[in-house]
Every structure is written in C-alpha cells, then in structure tokens.
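Chain by chain, the residues:
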Amino acid sequence: MAENPSNELKFALFADLHYKKGMYIASVGDVESILARANESGVDFVIHCGDMCNDYKGSRELTSAYLENPYKIPAYGIYGNHELETKENDMSYVTPLLTNREVVWGTPDGKIGDGSIAYYHFDINGFRIVCVDTNYSFNVEIGLWEHNLPASWGAPIKNIKANSLGDAQLVWLENLLDDAADKGLKCLIFSHESFSGVWSRSPDTDTVREMFRKVNKKREKTVLMAVNGHLHTNHQKMVEDILFIDVNTVRNGLWIPKSEVHYTDETFLFADYDKEGREISKKDRLVSDLWMSAQTWYYSEPLSAIVTVTSDGKITVDGKK
C-alpha cells in the first residue's frame, strides 16, 4: 500500500465513563452528548478506552445509545478493569458489546467466537487501529495467563503481573505491527493501562515499547500514537517520536477512597430505565444519594476529545473543559 501524506483520520475519544445506575453521576445523556459532538465534528468513528460500564447486563439503555446511535457512527471500545465488575457480566456477554462494526479479532480465524478474546484491530484510511486488552495476569500455580474474572475489577488475588497483555496477545501485537509496517499502515494503539512508562506502566511496557522501536526502525512512523485511560487524569508526552496520551475520565474528576460527604443540596437529572433499556422516569435527585459520591467529585459536563491524525504524523487533539 502506497503511503499518502494527505491521508487523514478523525475520531472522538473518551474513557472511564463508569456508568451504573445509582453508583456515579454518569448518564446515557453523557454518551449522547459525546456522540452529538462527534457527529458535528464529522468523525470517522468514536472509541472509548475502557471502564465504559460497570454493569453491562443492567445497562441496555447505555449500550443501545452507543452502539445504535442515531448518527450511525462506527463505535468501538476496549476492556477496562471494571467491565466485568457486576455479577453475571462475563466475556461472552460483554465482548460483543465493544463495537457495532466488523473487526478482526485476535482469534486464529479473526472471528469473535465465544468472546474470550477481546483484543482486535481494523484498518481505515491508511491507518491501523489496534485495540488491546490489559486485563491479563499470571497464575504462578498453574503457569498460565488468566483474564480478569466476572464479579471482579482486578486480577485474581494470587496472580502476579496484573494489567498485562499476556504472552499470546504480545505475539499477536508484534505480528500485527510488523504487518502494518510491510503495508505502510500507520498504527494507533488503544489500551486501558498505559505503556508510556512516564505516568504509569503495564508490566509489558518495556516489551511493547521495544516492539514500537523495532517496527518504527523498519518503517518510520509506523506507530504514531498510543492512548490509555484508567488513571482519570490528563497527560500527553512525546516519547521516542510517539505521542502517548492519557485520557481523562468523562465525569469522575477526583476519587479518594476515604472521604466525607461533600455534596449536600446539589441535584442532578436522574433517568431510570427498565430491563430492556426503555426510559420509565426522569426526576431530580440528590447527588449525595449516589453511593459513591462521598468518594467522588464530578465534572459538570462530560469530557471527550476530537482527535485528528494525518499519515505524515501530525496529530491535533481538541479537548473539552
């Protein structure tokens, strides 16, 4: 594939919505606002960097709003460490809800299968979008890599190297990047945990960064950008000619494990839904009623970014306060 410096890609980006009724202030309206901004900006797709929802089975209204959006925008996402948090939310249910488009999954045949492999890629406009899953850890007793389990938000207690890709995914990633270099595709990497080595690091950081160096030596600017969520903060830094971006949370601006009630009379518009995701009521509700509000400070509006990337390496990030 011949490189074309004028190739351009534009997408909407957000992370860590943490939607669950009664838990945080995050709402379906937040996603609708992000999608409306994406549509107005003329994006090619919208993507989230994990922790979209803490209860997929109990949140049909959210997945419908995102995947069946009225603008027909291609929508993608990855696993954060909270995707399987609520009981009965297993990978067979959640993985198909990561996207509304055909992608190439990290399975031998590229098909979704039973959903137990949640990393994937797709190619668009001369770019390769690589969506990884940093929810593997190593079980020393049986000598195997395991994915985070349902009804949890982290690695099994006895496992080591939490927030990893695991050996099989590392092989997949290296082959995918090498193939992109051969085809002249520019790669954008999306993960929940960071590979920056600056503000946070997955245990695979050194290995992944060496892959980036190797493939960029093979063909310059094959890997242009790596994006992560998880930290609920904003960072960006050029490291070895790759832009690393840490994407802020949509609404949960500050979280402190031990705190006191700091919201008193503040209210928000709360929408309730039935099991099918149909709205059944809407009313003002005290922020302090939310069971995580004693630990959480919320942004007044949902945060997202519009990112424009050209194949010659120019990247523009239009954020939101």
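Analysis parameters
Residues numbered from 1 in each chain as written. Predicted model: local features only at pLDDT ≥ 70, side-chain atom pairs only at ≥ 80, totals over all residues. Heavy atoms only, no water. Pairing = 2+ DSSP bridges. Helix = DSSP H or I, 4+ residues; strand = E, 2+ residues; numbered from the N terminus. Contact = heavy atoms within 4.5 Å. Axes fitted to C-alpha atoms, helices over the stretch in contact; angles between N-to-C directions. 1 Å grid on protein atoms, 1.4 Å probe; cavity = no way out; pocket = protein on both sides within 12 Å on 5 of 7 lines; lining within 4 Å. Points joined across faces, edges and corners; volume = space filled by probe spheres on them. Nonpolar A, V, L, I, M, F, W, Y, C, P; charged D, E, K, R; others polar.

S.K.: I tried to follow the sheet that holds strand 13 (residues 242-246) on my own but got confused; where do I start?
M.R.: Whenever strands of a sheet pair, they do so through backbone hydrogen bonds, lying parallel or antiparallel. The mixed open sheet is built from 7 strands, whose spatial order is 4-5-6-10-11-13-12. Both edges of this open sheet fall to strand 4 (104-105) and strand 12 (235-239), since each of them pairs with a single strand only. Two elements, strand 5 (residues 120-124) and strand 6 (residues 127-131), share 5 bridges in a ladder whose sense is antiparallel. For Ile 124, the partnering residue across the bridge sits in strand 6 and is Phe 127. Against the sheet, helix 4 (residues 167-183) touches strand 5, strand 6, strand 10 (186-191) and strand 11 (223-228), its axis set at about 175 degrees to strand 6.

S.K.: Would you mind going over the sheet that holds strand 7 (residues 136-139) with me for this structure?
M.R.: Taken in spatial order, the 3 strands of this open sheet run 8-7-9, and their pairing is antiparallel. Each edge of the sheet is formed by a strand with only one pairing partner; in this case those strands are strand 8 (144-147) and strand 9 (160-164). Direction aside, neighbouring strands of the sheet carry axes that sit 30 degrees apart on average. Relative to strand 8, strand 7 is paired through 4 bridges, and the arrangement is antiparallel. Counterpart to Ser 137 in the pairing with strand 8 is Glu 146.

S.K.: Can you walk me through the layout of surface pockets in this structure?
M.R.: It is a probe the size of a water molecule, rolled over the atoms, that shows where empty space is left. One number sums up the size of the largest pocket: a volume of about 350 Å³. Along the walls of the largest pocket sit 15 residues, with Asn 234, Asn 248, Ala 305, Val 317 and Gly 319 positioned nearest its centre. For the lining of the largest pocket, the elements supplying multiple residues, two or more each, are strand 12 and strand 13. Residues of the lining of the largest pocket, tallied by class, amount to 7 nonpolar, 6 polar and 2 charged. The calculated volume of the second largest pocket comes to roughly 280 Å³. What lines the second largest pocket is a set of 14 residues, and nearest its centre among them are His 18, Tyr 24, His 82, Trp 153 and Trp 255. In terms of residue class, the lining of the second largest pocket is made up of 4 nonpolar, 7 polar and 3 charged.

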